Structures are given as structure tokens and as C-alpha cells.
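Residue-level structural notes
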Amino acid sequence: MATVILLRHARSTANGAGVLAGRTPGVGLHEVGAGQATELVARLADVPLVGVVTSPLQRCQDTLRPLLGDRDVEPIIEPRLAEVDYGAWTGRSLTDLAKDDLWSVVQQHPSAAVFPEGEGLAQVQTRAVEAIREHDRRITAEHGADAVWLACSHGDVIKAILADALCTHLDGFQRIVVDPASLSVVRYTALRPFVIRVNDNNGDLSALLPAERADKKVGEETDAVIGGSTGP
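These remarks concern the structure in this document. (Residues numbered from 1 in each chain as written. Predicted model: local features only at pLDDT ≥ 70, side-chain atom pairs only at ≥ 80, totals over all residues. Heavy atoms only, no water.)

Our focus in this paragraph is the overall build of the protein. In terms of helices and strands, the protein carries 6 helices and 6 strands. Its helices and strands in sequence order give the protein the pattern β-α-β-α-β-α-α-α-β-α-β-β, from N to C terminus. Rg of the C-alpha trace for the protein: 18 Å, near the compact-globule value of 17 Å for 232 residues, within the 12% margin. For the C-alpha atoms alone, the extent of the protein along its principal axes is close to 55 × 35 × 30 Å. (Helix = DSSP H or I, 4+ residues; strand = E, 2+ residues; numbered from the N terminus. Rg over C-alpha atoms; globule rule 2.2 N^0.38 Å.)

Across all of its chains, the model carries 3 aromatic pairs by this definition. When the ring of Trp 89 is compared with that of Trp 103, the centres are 6.2 Å apart and the planes differ by 20°; the resulting orientation is stacked. One end of the pair, Trp 89, is in the loop between β3 (76-77) and α3 (94-97); the other, Trp 103, is in helix α4 (residues 101-108), and 14 residues separate them in sequence. Of the residues examined, Trp 89 reaches a relative accessible area of 3% and is grouped as buried. Given the relative accessible area of 26%, Trp 103 is considered partly exposed. Plain terms: the ring middles of Trp 89 and Phe 115 are 5.3 Å apart, the flat faces sit at 65° to each other, and that makes the pair edge-to-face. On the criterion of sequence distance, the pair formed by Trp 89 in the loop between β3 and α3 and Phe 115 in the loop between α4 and α5 (121-143) is long-range, its members being 26 residues apart. A single burial state applies to Trp 89 and to Phe 115, both of which are buried. The positively charged end of Lys 159 is found above the aromatic ring belonging to Phe 173, 4.8 Å away from the centroid. (Phe/Tyr/Trp six-rings, centres within 6.5 Å; stacked < 30°, edge-to-face > 60°. Buried < 20%, exposed > 50% of the residue type's maximum accessible area, 1.4 Å probe, protein only. Lys NZ or Arg CZ within 6 Å of the ring centre and 35° of its normal.)

If you check the backbone angles, Glu 117 has positive phi at about 65° while not being a glycine. Relative to the assigned elements, Glu 117 resides in the loop between α4 and α5. According to the relative accessible area criterion, Glu 117 is exposed, its value standing at 75%.

Right, let's talk about the packing of helix α1 (residues 31-43) against helix α2 (residues 58-69) for a bit. For the pair α1 and α2, the least separation of the axes is 8 Å and the interaxial angle reads 35°. Both α1 and α2 take part in a crossing whose hand is right-handed. Contact with α1, carried on its side by Ala 37, Thr 38, Leu 40 and Val 41, involves Asp 62, Thr 63, Pro 66 and Leu 67 of α2 and no other residues of that element. Here the contact of α1 with α2 is built from residues that sort into 5 nonpolar, 2 polar and 1 charged. (Axes fitted to C-alpha atoms, helices over the stretch in contact; angles between N-to-C directions. Left-handed = near helix turned anticlockwise from the far one by under 90°. Contact = heavy atoms within 4.5 Å. Nonpolar A, V, L, I, M, F, W, Y, C, P; charged D, E, K, R; others polar.)

Leu 6, Ile 132 and Ile 161 are the most contacted members of the largest nonpolar core, which totals 37 residues. Contributions of two or more residues to this core are made by β1 (3-8), α4, α5, β4 (148-153), α6 (155-165) and β5 (183-188). (Core = buried A, V, L, I, M, F, W, Y, C linked by side-chain atoms within 4.5 Å.)

All right, on to the sheet that holds β5 then. Taken in spatial order, the 6 strands line up as β3-β2-β4-β1-β5-β6 in an open sheet, and their pairing is mixed. What marks the edges here is a single partner per strand, and that holds for β3 and β6 (193-200). The sheet contact formed by strand β2 (residues 49-54) and β4 spans 5 bridges and is parallel. From the neighbouring strand, Thr 54 faces β4, where its bridge partner is Cys 152. (Pairing = 2+ DSSP bridges.)

Here is the structure:
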């Protein structure tokens, strides 16, 4: 199967404002985030992306703009990768929300958290994982098992996808850190996903290139490596 790079949008104007932006329209990038978006061009310069799938929200579109300007790739808008629908929590300050009884549920038992007039985190994981796996199958069929593609989404959404790939219960997803503009990498196979990177902020991505995997033997595509090697 193909390899997906999960990109969290760059720092937005809401990230430092102490407000839960959610799906509020018109939330763009902070000046720091604009710089992070520009840096993505160089970070991914050697990675041959065959496809880009993105959340429909502005901060994701803004993050991808410099990268797409450097590539001949038309992005696919995927509503299932949109930010969590926080419902009545949207637009409220995090300080106030921390006083709500639901806050501790989100922190300690997120699989049971359902936002008032919004959706539950379990629903978020279901829709996001479904979208990622569906696009991965499509891209593998169109471009082959060595294809690399990118999906741009939001912190909690990516954490939920990674929790699934790591076979970690959703109640443990708050232990995963996904910074703005960070890259996490998952390679799906017929038997299991391999989590290659989590929250990478400036690492070498050359291992994602097809040439690095050209000498793989039969079975290595789906088998886990024994003895502490670097894996697939």
C-alpha cells in the first residue's frame, strides 16, 4: 500500500488566542504559520507526492498554498478530514471550557466525549480513518505501492488517525502530540499499518523515497522487523 504523510495545518490565528476555533470560517494562518507553510516546500522538495487530500477549512488551504504552487498536483477536498465539530463549544475560550464537566471527559475518556450540538470524538476517528484508508487504497491502485501522498488536517483528527494506526484505544490519544505544521507518516499494508514518523518538525524524509525500498524482499512489506532494525 502507499505511504501517507499526515500534515497538521500550520499555526493559525486561533492557536495562540486561547479560543477553540473549531469550524469557524475565516480562521487563517498566523505570521509564524505563514512561515511554516513556506518552509514545507523545502522540507518536502525531494518527496514525489502523487496526491494531496485536504480538510476544507481555510487554515489547511493556506498551509498547502505554497507547496501546491510548487507542484503539479490538484488537491482533493475531503470533508471527512475537517476539524472536529465542537458544536456549542466553538468560539469559547479554553479557560472557560476547562471549567466544564465535559472537559475532564475529553481529557481522560475521550471515546465517550460528545460535544453539545456537535459530534463525538469516536465519530471523528471513524470518519477520518475511513477517509484515509479509502484514499490510500485509491492512490495505491492508481500509482502503485511505492506512492507517497499527503493529507492535511487538524490536530485532534490526526491524533485519532495515529491512535488507530498504533492500535491504541481512543482513550489514549491525548498522549500523542501533533504540533502545527508537523508531519506524521503512516504506511498501510494488507496486514497492519506501520507508523514511521510522529510529530516530525524538521526530520530527514529521504527514507520515504521509493529507491530506499526498492530491494525489499517478499514478506517484508507486511512483516514487522525482528531485532530492532528500522523496519519498512
